[in-house]
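# Structural characterization, general
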Amino acid sequence: MVIRTFLFILLLFVLSNFAKADTVFWPGEEIAAQDLVETMNSQDPGKGWLGKWRKMAAETRDRQPKWLTPLVTSTARLEQRIRYDVYYETLPTGNKGWDFGSGKGVSLIVGPTIQFTFSLPEYLFFPGQGRNDGFAGETFLVRNRIMASPEGQKNYCFSVQLQAVSPLGTTLPGPQNHWTWAPALLFGKGWGNFSMQLNFGTRWTDGNNTNSALPYFYNVAFQYRIGYVTPTVEITSQSSFDQLYFINAPGLFVVPEVLIGRFAFKDDWKVYFGFGYQIGLNSPTIEKKYANALIMKFHLLF
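The shown structure was predicted, so the numbers you read here are calculated from the model rather than taken from an experiment. (Residues numbered from 1 in each chain as written. Predicted model: local features only at pLDDT ≥ 70, side-chain atom pairs only at ≥ 80, totals over all residues. Heavy atoms only, no water.)

A few words now on the nonpolar core. By size, the foremost hydrophobic cluster in this structure holds 14 residues, and its most contacted members are L71, Y87, Y290 and I295. Of all the secondary structure elements, the ones that give two or more residues to this core are β14 (253–266) and β16 (292–301). (Core = buried A, V, L, I, M, F, W, Y, C linked by side-chain atoms within 4.5 Å. Buried < 20%, exposed > 50% of the residue type's maximum accessible area, 1.4 Å probe, protein only. Helix = DSSP H or I, 4+ residues; strand = E, 2+ residues; numbered from the N terminus.)

Listed below in structure tokens is the structure:
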């Protein structure tokens, strides 16, 4: 309860202090939907719809900070990328498990304030436990950036998003048998090379919520950029349905990590990657989730 109250007060304080003065991009003003039409109409003839769309996406990115996306915490920024994550987990039994894809995939900026994401196939592999192997459900995500200010000005971003996971998985019974929905608030604030990114949301399913829904989650990431290297520490939580408290609930992790990039190699094309070690912070997490996991990710920005 103390952490929840602190995060709520912190979010209100930062928004109230940084949503005024300097340039702030709001959907109803600078980045209204009509900007998309104006951007396309002003594009040089002959470039076609693809060139106009890429120009709109580039201008949209310029209206927000340029922080790197942490391993677990979702960024409030709009991104156009292909992302692939791999988890190598130590399970409560001591056995190992692989998660290839982890619900990540292709993100597209489809409007001045809108991003749409669909996942690449996610495959779960448990060596020596073949009966548990299989594909997880497809993940879809829509993110709407409410307001933002780029680095050098107020340096913050605030968005809302809705994530949905389909029940098409072939893994063990559980949330995979139902559609799972996760609305969330995403916020980030930077001070020079230092930045903080925060998520707060809830999860529920279209059935069997008592066993499979996670009523809330929060993620906090702290970063410091040093050239092309960005050391990051995250604290993440996924509380169980019957344990409505923030301390000692299963799903509490700390994730020290390093993000490396962005490296440009052609026009707006860039790559960056990261790796970290996720550590369960309490016994319920280790017993019900997993004790630790090596996480690796790759981003191709375009």
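What follows covers the packing of aromatic side chains. Following the criterion strictly, the structure yields 14 aromatic pairs and no others. Among the aromatic residues, those joined into a cluster by ring pairs are Y88, W98 and F100. Over the ring of W191 we find K189; its NZ or CZ atom is 4.7 Å from the centre of that ring. The aromatic ring of F217 is capped on one face by R203, whose charged end is 4.3 Å from the ring centroid. (Phe/Tyr/Trp six-rings, centres within 6.5 Å; stacked < 30°, edge-to-face > 60°. Lys NZ or Arg CZ within 6 Å of the ring centre and 35° of its normal.)

Mapped onto the fold, T90 is located in strand β1 (residues 81–90). A polar contact of 2.7 Å, which involves the side chain of T90, links it to the side chain of K96. A distance of 2.9 Å separates a polar atom in the side chain of T90 from a polar atom in the side chain of N292. (Polar contact = N/O pair within 3.5 Å; in protein donor to acceptor, adjacent residues only side chain to side chain.)

Per the stated rule, a full pass over the model turns up six salt bridges. Linking R81 and E79 is a salt bridge whose minimum nitrogen-to-oxygen distance equals 2.1 Å. Across the pair, E79 and R81 agree in class, each one buried. Note that D85 is salt-bridged to R83, the shortest N-O span being 2.8 Å. (Salt bridge = Lys/Arg side-chain N within 4 Å of Asp/Glu carboxyl O.)

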